[in-house]
Amino acid sequence: MLVPQKRFVARDLAHIAIFAAFIAALGLPGAILIGPIGVSITLQTLGVMLAGAILGARKAAAAVLLFMVLVAAGLPLLSGGRGGLTWLTTAPSAGYPYGWLLGALFIGYFTARILPRYPLPLALLITALGGIAVVYAVGIPVNWINISRNASPADDKTFLFVLGQSAWFVLLDTVKVAVTVLIARQVHRAYPGLIAGATTMAPAFGTSRS
């Protein structure tokens, strides 16, 4: 029986640093701006999904949190070379990094419960819920609130506008979900045990080591 680790060891810290750097690197190609809402399509959500699906909740959340701390400190790590506390507070897209944090936690927590078998239907569902639903549940309301600061008055039409524009992101994010699951499946086959204590959690979904 594997016992979940209570603290990070050197290998865990390396994983956290690597994935924080990976999320930052995925912002280098830039972003595609969709509509006038101030939120753009980037590849960085793919890094967040992969962190959760490969590292588990604790390490994935730590990687995203490290990335956010570096952004808040002013490093231009968000897509398009953006950085600074404004991008985590008052910018239209400020809610999405917090959604990434919660999404990584969600994906990592429930991925641990379907290992070691990692069945594709459950993996796709978990990754989609964490990488899309959870992220949007935080990002869209904050997007509306921050846009409304510069609009008079803030009303339901503004929210519906933001919601409609955000729908453009769903297609690409669905592709990211599929890519994440395919990569994570191969990683867990090649390197079992990346998520500490995962094998003790498998019975929660009726799975066992084959």
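Quick note: structure is the one above.
So, a few notes on the structure that sits alongside this text. Here the residue numbering is sequential within each chain, running from 1 through the sequence in written order. Per-residue local features of the predicted model are confined to residues with pLDDT of at least 70, and side-chain atom pairs are confined, for both listing and counting, to 80 or more; whole-chain, interface and lining totals are unaffected and use all residues. The side-chain values count all of the structure's non-hydrogen atoms but skip hydrogen atoms and water molecules.

1. Details of the overall build of the protein
Going along the chain from the N terminus, every DSSP run of H or I of four or more residues is numbered as a helix, and every run of E of two or more is numbered as a strand. Summing up its helical and strand segments, the protein has seven helices and two strands in all. Mapped in sequence order, the helices and strands of the protein form the string α-β-β-α-α-α-α-α-α. For the exposure calls, accessible area comes from a 1.4 Å probe over protein chains only, and a residue counts as buried if that area is under 20% of its type's maximum, exposed if over 50%, partly exposed in between. Per-residue burial for the protein yields a buried fraction of 46% across its 210 residues. In this description, contact between two residues means that some pair of their heavy atoms is separated by no more than 4.5 Å. Contacts in the protein between residues at least 24 apart in sequence constitute 74% of all its contacts with a sequence separation of at least 6.

2. A few points about helix α1 (residues 10–25)
An α-helix turns once per 3.6 residues; consequently, residues spaced three or four apart project the same way. Each residue after the first adds 1.5 Å to the expected span of a helix. The terminal C-alpha atoms of α1 lie 22 Å apart, and with 16 residues this matches the ideal 22 Å at 1.5 Å per residue to within 8%. Within α1, burial applies to Asp12, His15, Ile16, Phe19, Ala20, Ile23 and Ala24. Those residues of α1 hidden inside the fold are in contact with α2 (44–55) and α3 (57–72).

3. A look at a nonpolar patch on the surface
Grouping into patches uses exposed residues only, defined as over 30% relative accessible area, and leaves out salt-bridged ones; the cut-off is 9 Å for like charges and 5 Å for nonpolar side chains (Val, Leu, Ile, Met, Phe, Trp, Tyr). Throughout, the Shrake-Rupley method with a 1.4 Å probe supplies accessible areas, and for residues the shown protein chains are the sole cover considered. A carboxyl oxygen of Asp or Glu within 4 Å of a side-chain nitrogen of Lys or Arg is what we treat as a salt bridge. A cluster of nonpolar side chains, Leu172, Val175, Val179 and Ile183, forms an exposed patch at the surface whose accessible area comes to about 270 Å². Position of Val175 relative to the elements: it lies in helix α7 (residues 168–190). When its relative accessible area of 44% is taken as the criterion, Val175 is described as partly exposed.

4. A closer look at the packing of α2 against helix α4 (residues 95–111)
Where α2 contacts α4, the two axes come as close as 7 Å, and the packing angle between them is 30°. Of the two elements, α2 crosses α4, and the hand of that crossing is right-handed. For the pair α2 and α4, contact is made by Gln44, Thr45, Val48, Met49, Gly52 and Ala53 and by Trp100, Ala104, Ile107, Gly108 and Thr111, respectively. Residues are sorted three ways: Asp, Glu, Lys and Arg are charged, Ala, Val, Leu, Ile, Met, Phe, Trp, Tyr, Cys and Pro are nonpolar, and all the rest, Gly among them, are polar. Across the contact of α2 with α4, the residue classes tally to six nonpolar, five polar and no charged. Helix axes are fitted to C-alpha atoms over the stretch in contact, other axes to C-alpha atoms as well, and angles between N-to-C directions run from 0 to 180 degrees. Each helix crossing is assigned a hand: it is left-handed if the near helix lies turned anticlockwise from the far helix by less than a right angle, otherwise right-handed if that turn is clockwise.

5. A few points about the environment of Asp173
Checked against the element boundaries, Asp173 lands in helix α7. Residues Asp173 and Ile41, spaced 132 residues apart in sequence, show a C-alpha to C-alpha distance of 8.9 Å. Not counting the four nearest positions on each side in its chain, Asp173 is found in contact with Thr45, Met49, Ile132 and Tyr136.

6. Considerations on the packing of aromatic side chains
Within 6.5 Å between ring centres, the rings of Phe, Tyr and Trp (the latter by its six-membered ring) count as paired, and their orientation is classed by plane angle as stacked under 30 degrees, edge-to-face over 60, tilted in between. Scanning the entire structure with this criterion turns up four aromatic pairs. With a centroid separation of 6.1 Å and an interplanar angle of 85°, the aromatic rings of Phe19 and Phe22 are classed as edge-to-face. With Phe19 and Phe22 both in helix α1 and three residues apart, this pair spans about one turn of that helix. Of the residues examined, Phe19 reaches a relative accessible area of 13% and is grouped as buried. Each residue in the set Phe106, Tyr109 and Phe110 is aromatic and connected to the rest through ring pairs, giving one cluster. It is Arg82 that lies over the ring of Trp87; its NZ or CZ is 4.7 Å from the centre. Charge-over-ring placement is defined geometrically: NZ (Lys) or CZ (Arg) within 6 Å of the ring centre, and within 35 degrees of the ring normal.

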